[in-house]
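# Working through the structure, step by step
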Amino acid sequence: MWKFIVRRTALALVIIFFGAFIIYGVMRCMPTSFVESLARQRAAASSTTGGKSYQEWLTELNEAYHMNDDIVTGYFNWLGGVLKGDFGVSWKYGIPVVEKFDQVIWYSVVLNIITLILEVVICIPLGIQAARHQYSGFDYGITVFAMLCISLPTFFLATVLKYVFSVKLAWFDLYGIVGRYHEQLSASGKVWDMVQHMVLPVLTLTMLNVGGLTRYTRTNMLEVLNADYIRTARAKGLSERTVINRHAFRNTLIPLVSYMSYLVPSLFSGSMITETLYQIPGIGYISYDAMVAGDLPFTMFYAVFGLLLTQISLMLADIMYAVVDPRVRVN
C-alpha cells in the first residue's frame, strides 16, 4: 500500500505541474487582460491633466506585474514563489490570495456539504428501491425524475426556482447570502437569515446532482442483485432485508465510492454557476469574477487547489476500496 501511495503521489504531482502550466498559458492568452484594463482606466483618468498615455501606462504596468516575461518564464517564476509559500496578491481584490480565499471558502463548503448529505440521503435509497422493483411504475417514475434532473441546465432550473419561490411566492430573496436588514437582527436571526438564503442554492444543486447518483446506484444494485451469491443467500432462507443490507448493499458501495470521490473536490472548489446565479460570495463566484477580470494570481491558486483536491480524492477512493472490499486488501 505504501508503494502504491508513493507512486500515486508522484503521478499526482506531475499532473498538477502540467495542469497548472496549461491553465497559466490559457490565462496569459485570454483576450481579457487585467493590465490592459487598468492601463485604460488610468489613461482615461489622467487624460484631462495631461498625464501618461495608455501605451505608457501599459508599458509600466506590464513591467510591474511581470507580464513582459514569456509564458514558460512567467510560469516558473510563479511556481518558484508557490514553492516558497507565496501565492501572490490578488490583482482584482488587492489582498493576498490566501487571505481572500479564507474569507469566501466556507460559504462554498457549507453549501456543498449540505448538498452532498441530501444527495446521499435521497439518491441511495431511491436507487436501491428502483432496482428492487425493476420495471415497475415506481422504477419508471424514478428513472424519469433522474433523467429530468440530469437534463436541466443550471441557469434554467435556477431561473424557474427564483421565479416561483422569489417572484411569485416571495418566500426567498432573489440574490445574496444575507438580507437587507441582516445587521439589525439578533444572533439567531442572522443565522436564520443565512439559512433562508441558502435554501434555493441548495435545492438547485441537489436537483442537478440527484439524477446521476440515483441512476448510478440503481444500475450497480441491479448488477449485484443478479449475482449468484445473492440467489444463494435467498435460497438459504435469509430475509430480504438481510440480503439487501448485508450482502447486496455492501458490494454496491464499491463503485459508489469511486463515483462519490469525484464529489469531494466540489466541496471546496465551489459550484461556480450556481453561486454566480444566486450571487453567493463563495469560492466559485469569487473565482469567476477573478477570471473575468484576468486576475492571474487568484485564478492560478483556485485552479491548483482544484487539481490538488481532485488528486487527493482519487487517492482516497482507491484506499476506500480496501475498506469496503477485503479482496482489494488481499490483492
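Note that the coordinates shown come from a computational prediction; the quantities given were computed from them, not determined experimentally.

Parameters and conventions
- Residues numbered from 1 in each chain as written.
- Predicted model: local features only at pLDDT ≥ 70, side-chain atom pairs only at ≥ 80, totals over all residues.
- Heavy atoms only, no water.
- Patch = residues over 30% accessible without salt bridge, like charges linked within 9 Å, V, L, I, M, F, W, Y side chains within 5 Å.
- Areas by Shrake-Rupley, 256 points an atom, 1.4 Å probe, with all protein chains shown as cover.
- Salt bridge = Lys/Arg side-chain N within 4 Å of Asp/Glu carboxyl O.
- Helix = DSSP H or I, 4+ residues; strand = E, 2+ residues; numbered from the N terminus.
- Buried < 20%, exposed > 50% of the residue type's maximum accessible area, 1.4 Å probe, protein only.
- Axes fitted to C-alpha atoms, helices over the stretch in contact; angles between N-to-C directions.
- Parallel < 35°, antiparallel > 145°, perpendicular 65-115°, else oblique.
- Left-handed = near helix turned anticlockwise from the far one by under 90°.
- Contact = heavy atoms within 4.5 Å.
- Nonpolar A, V, L, I, M, F, W, Y, C, P; charged D, E, K, R; others polar.
- Lys, Arg positive; Asp, Glu negative; His and termini not counted.
- Phe/Tyr/Trp six-rings, centres within 6.5 Å; stacked < 30°, edge-to-face > 60°.
- Lys NZ or Arg CZ within 6 Å of the ring centre and 35° of its normal.
- 1 Å grid on protein atoms, 1.4 Å probe; cavity = no way out; pocket = protein on both sides within 12 Å on 5 of 7 lines; lining within 4 Å.
- Points joined across faces, edges and corners; volume = space filled by probe spheres on them.

Together, Phe-155, Phe-156, Val-160, Tyr-163, Val-164, Val-167, Leu-169, Trp-171, Leu-174 and Tyr-175 make up a nonpolar patch on the protein surface, roughly 960 Å² of accessible area in all. Locating Val-164 in the fold gives a position in helix α7 (residues 154–168). Taking the relative accessible area as the measure of exposure, Val-164 reaches 33% and is therefore partly exposed.

Turning our attention to the packing of helix α6 (residues 137–151) against helix α8 (residues 187–225). It is at 7 Å that the axes of α6 and α8 come closest, and there the two elements cross at 135 degrees. Classed by the angle they form, the pair α6 and α8 counts as oblique. Like other packed secondary-structure pairs, α6 and α8 cross with a definite hand, here left-handed. Only Met-207, Leu-208, Val-210, Gly-211, Gly-212, Thr-214, Arg-215 and Arg-218 of α8 make contact with α6, whose side of the interface consists of Asp-139, Ile-142, Thr-143, Phe-145, Ala-146, Met-147, Cys-149 and Ile-150. A class-by-class count of the residues in the contact of α6 with α8 yields 9 nonpolar, 4 polar and 3 charged.

With respect to the helices, strands and loops of the structure, Asp-193 is situated in helix α8. For the buried residue Asp-193, which engages in no salt bridge, the nearest side chain bearing the opposite charge is Lys-190, 9.3 Å off. If we skip the residues at most four places from it in the chain, Asp-193 touches Ile-177, Val-178, Gly-179, His-182 and Leu-185.

This paragraph deals with the packing of aromatic side chains. To describe a pair of aromatic rings, you give the distance between the ring centres and the angle between the ring planes. Tallied over the full model, the rule gives 14 aromatic pairs. Relative to Phe-301, the ring of Phe-101 lies with its centre 5.0 Å away and its plane at 75 degrees, an arrangement referred to as edge-to-face. Of this pair, Phe-101 sits in helix α5 (residues 97–132) while Phe-301 sits in helix α14 (residues 296–324), placing them 200 residues apart in sequence. Look at Phe-301 and you get buried, because its relative accessible area is 11%. Clustering of aromatic rings is evident, with ring pairs tying together Phe-17, Phe-18, Phe-21, Tyr-24, Tyr-75, Phe-76 and Trp-78. Above the ring of Tyr-93, the side-chain terminus of Lys-100 is found at 4.5 Å from the ring centroid. Above the ring of Tyr-278, the side-chain terminus of Lys-162 is found at 5.4 Å from the ring centroid.

Any empty space left between atoms is shown by rolling a water-sized probe over those atoms. Put simply, the largest pocket is a space of about 400 Å³. Element by element, the count of residues in the lining of the largest pocket is highest for helix α4 (residues 71–83), at 4 residues. Broken down by class, the residue content of the lining of the largest pocket amounts to 9 nonpolar, 5 polar and 3 charged. Its boundaries defined by the atoms lining it, the second largest pocket holds a volume of some 300 Å³. Of all the secondary-structure elements, those providing two or more residues to the lining of the second largest pocket are α1 (2–29), α4 and α14. The element best represented in the lining of the second largest pocket is α4, accounting for 5 residues. Here the residues of the lining of the second largest pocket are counted per class, giving 14 nonpolar, no polar and no charged.

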